[in-house]
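Remarks on the overall topology
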2 protein chains.
Amino acid sequence: MKMKFATRVACLLVVGHVLSSAGRTNADEGMWLFNDLPRDYLKRTYDFEATPQWAEHLMRASVRFNSGGSASFVSSRGLVLTNHHVGADTISKLSTSERNYYRDGFYAATLDEELAAPDLELNQLVSIEDVTDRVNQAVRADMPASEALAARRAAMAQIEAASLAETGLRSDVVTLYGGAKYHLYRYKKYTDVRLVWAPESDIAFFGGDADNFEYPRYCLDVCLFRVYEDGKPAQIADFLSIAPGPLVDEELVFVSGNPGRTRRIHTSAALKFQRDERMPHVLNLLRRREILFQQYGLEGDEKQRQAQDDLFGIQNSRKAYLGMLQGLQDPAVMAQKEAAEQTLLAKVAADASGGADAWKKIAEVQERRKPMLKQSGGFYSGLYSIAETLVLMAKEDQKPSADRLREYRDSNRESLLQQLFSPAPLYPDLEEAKLADSLSMFVEQRGGDDPLVQQVLAGKSPAARAAELMAGTKLAEIPQRKRLAEGGLAAIEQSEDPLVRLALLMENEQRRLREQEEELAEIERQAYARIADVLFAVQGTSTYPDATFTLRLAFGPVRGYEERGRQIAAWTTLGGAFERDEAAGSKSPWRLPDSWRENRDRLDLATQFNFVCTADIIGGNSGSPVVNRAGELVGVIFDGNIQSLSADFVYSETQSRAVSVHVAAMREALKKVYHAQRLVDELGQ
Amino acid sequence: MKMKFATRVACLLVVGHVLSSAGRTNADEGMWLFNDLPRDYLKRTYDFEATPQWAEHLMRASVRFNSGGSASFVSSRGLVLTNHHVGADTISKLSTSERNYYRDGFYAATLDEELAAPDLELNQLVSIEDVTDRVNQAVRADMPASEALAARRAAMAQIEAASLAETGLRSDVVTLYGGAKYHLYRYKKYTDVRLVWAPESDIAFFGGDADNFEYPRYCLDVCLFRVYEDGKPAQIADFLSIAPGPLVDEELVFVSGNPGRTRRIHTSAALKFQRDERMPHVLNLLRRREILFQQYGLEGDEKQRQAQDDLFGIQNSRKAYLGMLQGLQDPAVMAQKEAAEQTLLAKVAADASGGADAWKKIAEVQERRKPMLKQSGGFYSGLYSIAETLVLMAKEDQKPSADRLREYRDSNRESLLQQLFSPAPLYPDLEEAKLADSLSMFVEQRGGDDPLVQQVLAGKSPAARAAELMAGTKLAEIPQRKRLAEGGLAAIEQSEDPLVRLALLMENEQRRLREQEEELAEIERQAYARIADVLFAVQGTSTYPDATFTLRLAFGPVRGYEERGRQIAAWTTLGGAFERDEAAGSKSPWRLPDSWRENRDRLDLATQFNFVCTADIIGGNSGSPVVNRAGELVGVIFDGNIQSLSADFVYSETQSRAVSVHVAAMREALKKVYHAQRLVDELGQ
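Residues numbered from 1 in each chain as written. Chains lettered and ligands numbered in written order. Predicted model: local features only at pLDDT ≥ 70, side-chain atom pairs only at ≥ 80, totals over all residues. Heavy atoms only, no water.

**So, the overall build of chain A**
Along its length, chain A carries 23 helices and 21 strands. Here chain A has a C-alpha radius of gyration of 25 Å; the compact-globule value for 685 residues is 26 Å, and the two agree. In chain A, which comprises 685 residues, the share counted as buried stands at 62%. Long-range pairs, those at least 24 residues apart, make up 80% of the contacts in chain A with a sequence separation of at least 6. Carbon and sulfur atoms provide 49% of the accessible area of chain A, an area that totals close to 24,900 Å². The positive charge centre, built from 83 side chains, and the negative charge centre, built from 98, are 1 Å apart in chain A. (Helix = DSSP H or I, 4+ residues; strand = E, 2+ residues; numbered from the N terminus. Rg over C-alpha atoms; globule rule 2.2 N^0.38 Å. Buried < 20%, exposed > 50% of the residue type's maximum accessible area, 1.4 Å probe, protein only. Contact = heavy atoms within 4.5 Å. Areas by Shrake-Rupley, 256 points an atom, 1.4 Å probe, with all protein chains shown as cover. Lys, Arg positive; Asp, Glu negative; His and termini not counted. Charge placed at Lys NZ, Arg CZ, Asp CG, Glu CD.)

**A few points about helix α2 (residues 52-61) of chain B**
Of all the residues in α2(B), the buried ones are B:W54, B:A55, B:L58, B:M59 and B:A61. Where α2(B) is buried, its residues touch β2 (62-65), β3 (69-73), β7 (122-130), β13 (252-257), β14 (552-557) and β19 (625-627) of chain B.

**Remarks on the packing of aromatic side chains**
All told, the structure shown has 44 aromatic pairs over all chains when counted by the stated rule. Residues B:F73 and B:Y190 carry aromatic rings whose centres are separated by 5.9 Å and whose planes lie at 80 degrees to one another, so their mutual orientation is edge-to-face. You can see B:F73 sitting in strand β3 and its partner B:Y190 sitting in strand β9 (residues 181-190), a full 117 residues away along the chain. An identical accessibility class is assigned to B:F73 and B:Y190; each is buried. Judged by centre distance (6.4 Å) and plane angle (90 degrees), the ring pair of B:F206 and B:Y218 falls under edge-to-face. With B:F206 in the loop between α7 (201-204) and α8 (208-211) and B:Y218 in the loop between α8 and β11 (223-229), the pair connects residues that are twelve residues apart, well separated along the chain. Summarising the burial analysis for this pair, B:F206 and B:Y218 share the class buried. Aromatic ring contacts, followed pair by pair, group A:Y41, A:Y46, A:F48, A:W54, A:F254 and A:F555 into a single cluster. Here A:R289 stacks its cationic end above the ring of A:Y380, 3.4 Å away from the centre of that ring. Directly above the ring of B:Y380 sits B:K434, whose terminal nitrogen or CZ lies 4.7 Å from the centroid. (Phe/Tyr/Trp six-rings, centres within 6.5 Å; stacked < 30°, edge-to-face > 60°. Lys NZ or Arg CZ within 6 Å of the ring centre and 35° of its normal.)

**A look at the confidence of the model for chain A**
Residue and element names in this part refer to chain A. Mean pLDDT over chain A stands at 91; residues scoring 70 or higher make up 95%. Low pLDDT, under 50, characterises residues 5-25; the predicted model gives this stretch 75 contacts beyond four residues in sequence or across chains. This prediction of the complex comes with two scores: 0.91 for pTM and 0.89 for ipTM. (pLDDT = per-residue confidence, 0-100.)

**Remarks on the relation of the copies chain B and chain A**
Of the transformation placing chain B onto chain A, the axial shift is 0.0 Å and the rotation is 180 degrees, giving an RMSD of 0.0 Å. Considering both components of the superposition, the chain copies are consistent with a two-fold axis. In this assembly, 100% of the residues forming the interface of chain B have copies in chain A that are likewise at the interface, indicating an isologous arrangement. (Least-squares fit on C-alpha atoms with pLDDT ≥ 70 in both.)

**Details of the pattern of salt bridges**
Residues and elements named next belong to chain A. Under the definition given, this model contains 123 salt bridges over all chains. In this structure, D437 engages R288 in a salt bridge whose closest nitrogen and oxygen atoms are separated by 3.0 Å. Of this pair, D437 sits in helix α15 (residues 428-446) while R288 is found in helix α9 (residues 268-297), placing the two residues 149 residues apart along the sequence. Taken individually, D437 and R288 each receive the classification buried, so the pair is uniform in this respect. Two residues, R465 and E468, come together in a salt bridge whose shortest N-O distance is 2.7 Å. Of this pair, R465 and E468 both sit in helix α17 (residues 462-472), three residues apart, roughly one helical turn. (Salt bridge = Lys/Arg side-chain N within 4 Å of Asp/Glu carboxyl O.)

**Description of the sheet that holds strand β18 (residues 608-613) of chain B**
All names here are of chain B. One open sheet accounts for eight strands, arranged β1-β14-β13-β19-β20-β21-β18-β17; its pairing is antiparallel. The outermost strands of the open sheet, each flanked by one partner alone, are β1 (32-33) and β17 (571-573). The strands touched by helix α1 (residues 39-46) within the sheet are β13 and β14, with β14 carrying the most contacts at an inclination of about 10 degrees. (Pairing = 2+ DSSP bridges. Axes fitted to C-alpha atoms, helices over the stretch in contact; angles between N-to-C directions.)

**Points about the nonpolar core**
A general tendency of soluble globular proteins is for nonpolar side chains to be buried together. Counting 94 residues, the largest nonpolar core has B:W197, B:L220 and B:W596 as the members making the most contacts within it. Discounting chain neighbours no more than four positions away, the residues touching B:W197 are B:F106, B:Y107, B:L220, B:V222, B:C223, B:L224, B:M666, B:L670, B:Y674 and B:L679. Counting residues in each nonpolar core, the second largest holds 92 residues, with A:M59, A:V174, A:L240 and A:I242 among its members. (Core = buried A, V, L, I, M, F, W, Y, C linked by side-chain atoms within 4.5 Å.)

Written as structure tokens, this is what we have:
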């Protein structure tokens, strides 16, 4: 699995687990807040003392890829370790038709050769502060949803702006437990990030789409970046040292990363909406794009290269969604959910506060969401997104910062402009293919007779209109984007760029849909906050909130599992990769790269390669460091097995496993396959 | 394009062209009935005399593949020429994990080596008789739709049964002009059909999915079968001889084949239903299955082989539907349709007979169809289809033949049992994968809380339920099918086979949906019959009905076309195939088979390979013979270019082209690549 967090997926903020009718049934369940770790449980169950020093060091050594993923510092000179598939977006952007670093790998033999990423932002979490009271003071209980939303948004914006002004740190107020708590997260930001080393995709993604979410595995799904400050490698105080020995069965390990989103508090009505409406809808969209990119790639090797990162990301999501849907479609799973809910509702009914209303509100929101699935306020194209950002930025900048749409506030301007002016390549033919398909989908969704559709198509077929728009736009040129951004509203309104005109045409509909979505999210937020209160009352407050793409700690032993009557061992070895290659007749996607074949004899084939543990993870955890009791690095999360996919809404430790690359395999390969002695020397120092 | 006619697509019977407001605008438009050829037009425009002898010889030399496709007799000893992709279903069924005839080709060096197809039925049309009056006598104008349908169905069944009894020939009453006319088609049936020769898939489908519907092309998309009677090659009086020379530009050619379905009479409301509802729905389904088969194939070469025929068929349909949808989504195309319709409606309004009501009825039917798209009365699995057939046959056999569902009448029993008892392989893992996906879709369509869904799943996830059903069924064994078929209703009702139980559980819903669909089809039939009358009144009766998978004649000159400012020549040569292979670095799908590389020097590289003409064709025409004025065979239709896909609802001769294999290329390859001298000697004799 590529565990990158799909940042474009509409955000449903949710809260802790609700499955069990009383307390946790699954021992190692949990994506814990670093400021509220289950110290007692760890002490009791594993005789492990999670000291504040241990936790703070791990927190500060953890890194978030804002493009979606997790990572860690692994040297005092800014070396960052993550998954190859988390770095793939950047590796692809740095590749050209002549130098395919994605396929062939990359190694900077010296600092000078390290390659600057066009638009990466890395975050290091440095502090967490509870600001619940300050946020809640702004909202009165009798406010209608839209007013409450505006008030809360303004309060959060003020807290963020004040924190940024005071500390200079990126400051995000995070909604936890679906609105029961608000915490201020402060991050040190790194925007000068350079690629140091990446292996060939054939070993990073050994087994390809076929083996994705499967186990046993043999993937070197890692790569190295370095963060710079003032043009020099950044000095890093908190970084992870590499554990000296191999892992043993049942050894306790910890995962520190940024799980993207879970839905464990979801009511059965919300899960049924996912099961019967949203997931089938998303799967249709994913399959559509998978075929689109496959077809584009048929036109030749270079086009295949252009589309590969998008294609792999989509295949990954498709497989993940299918796994989640299978779980939700299992009547036994839903029956268990409903039974737990009934137990909880019975307790609420006995109470006089009318908490049961929260479940009803959520059910109503699902009904309102159904028709919204077929509506879209934009198009699937990088250049169109740029036009959309330019238009909205110019419009939003007419308001005070706190009143703007979240991403257009002053506090986010630096990150926004980094994306907007990114020199990352946008391939014209690929942009046109995506836009044509997206226009066609727009017609399907609204019907060909819809007035907005007719305005958008301007009398042409989707393919002809996409060709016309792409031929006319100048947004591929960065100076052109800067000119429009600096020119403000006047420049936008006078622009004759056809994509800017299209974004202006779409603006009202886009805002309408967004307001509608945010209103529903606010109703859900209030309802889930009520449900969280009920859970706190019934289960106690020692619980964890649903994932929010912020730093969490998960843990569990290294442990194999049983599948279809067969016992699966907890780890594989480098030797196993060669055996798998041979068993497949060295045929793709099980063909090891030449670099590995040539250096086979030098490798210690008994080295642990991939391993599984029971830690509770989900998409977004990709690249998370795995550490031992001593806080030493033992591995890097890169996948979950197929049984773990239902972790979105229910955790089970019987078969669910997190899959990691063992750091010893990386070190062995760096040394003997990639001859990267300078990195071997630097790691952990 | 694979032009096989997708027989499972719900049938919307429709009628002649309605695009032009007055008469034909496109000179060579038309899929003409053999008993109503445009003799005057051919004489006037091409100075060609379509004599009754010429037409009857061509009609009797034409062959229909009931599996979906067209063909021709090419020797007095029963040799049948069709497309490789029409024969692919049978070639795949004859292949095993050890002998992959689909991939590697097949040649029977002697008669004894010819391989019996497991379940092919070939039809030779021998006569057409107008029975409109006999059918219409059964229906009174004041009957409600359901009663009219039953009365018409009974009348048609009686005519068919009487004809079968009298002549021994397969007898089908065909609804033409959407119900304005009914013709009785009598066919000689061949059920002992044997595979004689097939080339490698790499040359039959050179360029693969990438080149499908594209031109220029280099495909040897042909194969040879032989029909037998009493265990010996059938004696064929009417067969096609091979034309001696090459084709020249602008030479008039004729296509005799079985176009599957067109929608040229469709009202704008009906086309908008296709554009906004049905085609997007079908495309989602096709993409879903494409990914399903791709994923299945990832599990290894043997699984890839098992799924390849299904996969290629689906990719072909997906590309065809996308092309059609692009046409319908073009506002200019729809505006043209609507303008023509308005002109026609204006003429109707002036008339007192109330014909405009027909357009309104059709619009109402479309509204009723919308919710039906998300309903399904069965599952996507060969074994389940067998269970369904066994159940319905037992139930229907309780009624007199004329009252049964069409396919269960006595007159069709032989064809039905051939399919039901076919020894063609059904791969258990593939069946399970298809069934699991289909069960999952059933949940999506009806929602997981639907009572029928809950009964179908029996408390298990779709994947687990599919595994259970497949583990329990014995329908893979043909004696078991025979036992159940012979045991009649009692055997079915007592059967504990889980797939039979499932089909019994689904029966009511299946019948309900079918009745609903047939009622709507009847309303449409009556409305289109009215519209056809309007058209006859305005444009005269010298027109052709929409395609009905029955024999039609199309024609037009061999002619290149312009595409994106580039002139495309009318034909390619064998030499061009080698050039294309070289340009692609001999990479799949442009890698010529070794047999071709080894024999390159022996081939006459100037031989015409593929060519285009303006004839009006559509899916189902695959394998159609192309003949010259002398009635000599010049080629075999195998594709249409991408511009021809909108022929479903509008014909244009500017860019639309039918693509054929030139028969000279086949003869040259048979002789010099496949060393099949016995076939070269036999062809045309």
